[in-house]
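Residues per chain, in single letters:
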Amino acid sequence: VRLARTLAEARREVGRLRGGGARVGFVPTMGALHAGHESLVERARRLGAVPVLSVFVNSLQFGPGEDFESYPRDLERDATFARRWGVALLFAPEAAELVPSGSRIGVDPGPLGERLEGRMRPGHFRGVLTIVAKLLNVLRPELAVFGQKDLQQAVLVKAMVRELNFEVEVEVAPTVREPDGLALSSRNAYLSGTERAQAPVLYRALQAGERAILSGERDPRRVREEMLRVLVEAPAVAPDYVAVLDGQDLSEVEVILGPTALALAARLGPTRLIDNVLVNPEEGGG
Ligand code: PAF
């Protein structure tokens, strides 16, 4: 794996890959790499692209009191994984170059940026979209792969690409889970023993909602109640929100008619975890 620390190096390396005929498949990350990221790299490769991975802990998307300072950073470890996964280029820019102090311009995520995660984390999606836009401008990939685990992020990135006319195909890859259902996340490392033991309740709650829809429930309030009923079984888990949403644009629904996203966020001690599933009601008997 080649390492680029400056924007100029990254542009040169990507130019070299493209010169050799490659389609560039970009996987943006904040490092602390795990099997979830590996699946994004794999997805890029399966779609015929040469994987390029960025590691950048983006201060713009963290709010005051969030874990920006303590977010795990270990570039050597990340580089070892990138090498093992066959990543062609690891781009780890310096904050001073990618986000020079005094930067004022950012991408406005619109109303969806204020809901769900955006309501709990004001300014988060402006920070995400701004950095993703910058990274896309530097690397100009043909393909960019995001994880479904951050569903609202993926929906907003797609909207940005469409509305700001970026020339990149956006792919959303399924969530990778531990055997007990917990979605892989760099933040799982923060969980205490008790919290880790109770964390799979998030996925169990989503599955309960999914079962309700597949057995014919079409009232989003009832589906939400089913999910909450399961969540409250775990005393270490404090729900932030539990939502039943349109699977395409994450708007609220009155009646479940088509593809639906079940999304939730919860706090386990100081750690906030999010998860979601997409459900197609037509696959059920109801
Ligand atoms: O999903 C993430 O890790 C981040 O939000 C991203 C897309 C790398 C932007 O900083």
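Everything quoted here is computed from the prediction, not taken from an experiment.

*Asks:* Account for the pairing of strand E6 (residues 169-173), with residues named and values stated.
*Replies:* When strand E5 (residues 143-147) meets E6, the two strands line up parallel, connected through five bridges. By the bridge assignment, Phe146 is partnered in E6 with Val172. With helix H7 (residues 151-163) bridging E5 and the parallel E6, this β-α-β connection has right-handed handedness.

*Asks:* So what's going on with the sheet that holds E5? Which residues, and what values?
*Replies:* In spatial order, the strands read E1-E4-E3-E2-E5-E6; together these six strands make up an open sheet with parallel pairing. With one partner strand each, in any of the chains shown, strand E1 (2-4) and E6 form the two edges of the open sheet. Taken over all neighbouring pairs, the strand axes of this sheet differ in orientation by 25° on average, direction set aside. Helix H2 (residues 35-46) rests against strand E2 (24-29), strand E3 (50-55), E5 and E6 of the sheet, and its axis sits at about 150° to E5.

*Asks:* Summarise the sheet that holds strand E9 (residues 271-279); cite the residues concerned and give the values.
*Replies:* In space, the three strands of this open sheet follow the order E7-E8-E9, with antiparallel pairing throughout. Every interior strand has two partners, whereas the edge strands, strand E7 (237-246) and E9, have only one. Ignoring which end each strand starts from, the neighbouring axes of this sheet average 15° apart. As defined by bridge partners, E7 adjoins strand E8 (residues 260-268) across nine bridges and the pair is classed as antiparallel. The residue bridging Pro239 from the neighbouring strand is Ala266, located in E8.

*Asks:* Break down the environment of Arg140 for me, with residues and values.
*Replies:* By the element assignment, Arg140 lies in the loop between helix H6 (124-139) and E5. When its relative accessible area of 56% is taken as the criterion, Arg140 is described as exposed. Linking Arg140 and Glu114, residues 26 residues apart in sequence, is a C-alpha distance of 28 Å. With sequence-adjacent residues up to four places away left out, Arg140 is seen in contact with Arg18 and Leu135. Side-chain polar atoms of Arg140 contact the backbone oxygen of Asn137, separated by 3.1 Å.

*Asks:* Just give me the short version of the packing of helix H9 (residues 201-214) against helix H10 (residues 220-231), but keep the residues and values in it.
*Replies:* Viewed as axis vectors pointing N to C, H9 and H10 meet at an angle of 150°, and their least axial separation amounts to 8 Å. In terms of axis orientation, H9 runs roughly antiparallel to H10. Classified by chirality, the crossing of H10 by H9 is right-handed. Each of Val201, Leu202, Arg204, Ala205, Leu206, Ala208, Gly209, Ala212 and Ile213 in H9 lies in contact with H10, whose residues at this interface are Val223, Glu226, Met227, Val230 and Leu231. For the contact of H9 with H10, the class distribution of residues is eleven nonpolar, one polar and two charged.

*Asks:* Please give an account of the packing of aromatic side chains that cites residues and values.
*Replies:* Evaluation of the coordinates by the stated rule reveals three aromatic pairs. Directly above the ring of Phe68 sits Arg73, whose terminal nitrogen or CZ lies 4.8 Å from the centroid. The ring centre of Tyr203 lies 3.7 Å from the NZ or CZ of Arg177, which sits over that ring.

*Asks:* Could you give an account of the pairing of E8, naming the residues involved and the relevant values?
*Replies:* Among the nine residues that make up E8, eight are buried, leaving the element largely enclosed by the rest of the structure. Judged from the nine bridges that link them, E8 and E9 form a sheet pairing that is antiparallel. Considered in E9, the bridge of Ala265 is made with Ile274. Linking E8 to E9, which pair antiparallel, is a turn of two residues; within it Gly269 sits at a positive phi near 60°.

*Asks:* Which residues make up the environment of Gly102, and what are the values?
*Replies:* Here Gly102 lies in the loop between helix H4 (95-98) and helix H5 (117-120). Gly102 gets classed as exposed once you look at its relative accessible area, which sits at 53%. Along the sequence, Gly102 and Phe68 sit 34 residues apart, while their C-alpha atoms lie 19 Å from each other.

*Asks:* How would you summarise the nonpolar core if you had to cite specific residues and measurements?
*Replies:* With 45 residues, the main nonpolar core has Phe91, Val132, Leu136, Leu139 and Met160 as its most contacted residues. Elements that contribute at least two residues to this core include exactly helix H1 (7-19), E2, strand E4 (89-91), H6, E5, H7, E7 and E8. Those residues in contact with Leu136, other than ones at most four positions away along the chain, are Phe26, Pro141, Ala144, Met160, Val161, Phe166 and Val168. Formed by 28 residues, the second largest nonpolar core is a distinct cluster that contains Leu182, Val237, Val244 and Val279.

Criteria and thresholds
- Residues numbered from 1 in each chain as written.
- Predicted model: local features only at pLDDT ≥ 70, side-chain atom pairs only at ≥ 80, totals over all residues.
- Heavy atoms only, no water.
- Pairing = 2+ DSSP bridges.
- Helix = DSSP H or I, 4+ residues; strand = E, 2+ residues; numbered from the N terminus.
- Right-handed = clockwise from strand over helix to strand, strands pointing away.
- Axes fitted to C-alpha atoms, helices over the stretch in contact; angles between N-to-C directions.
- Contact = heavy atoms within 4.5 Å.
- Buried < 20%, exposed > 50% of the residue type's maximum accessible area, 1.4 Å probe, protein only.
- Polar contact = N/O pair within 3.5 Å; in protein donor to acceptor, adjacent residues only side chain to side chain.
- Parallel < 35°, antiparallel > 145°, perpendicular 65-115°, else oblique.
- Left-handed = near helix turned anticlockwise from the far one by under 90°.
- Nonpolar A, V, L, I, M, F, W, Y, C, P; charged D, E, K, R; others polar.
- Phe/Tyr/Trp six-rings, centres within 6.5 Å; stacked < 30°, edge-to-face > 60°.
- Lys NZ or Arg CZ within 6 Å of the ring centre and 35° of its normal.
- Core = buried A, V, L, I, M, F, W, Y, C linked by side-chain atoms within 4.5 Å.

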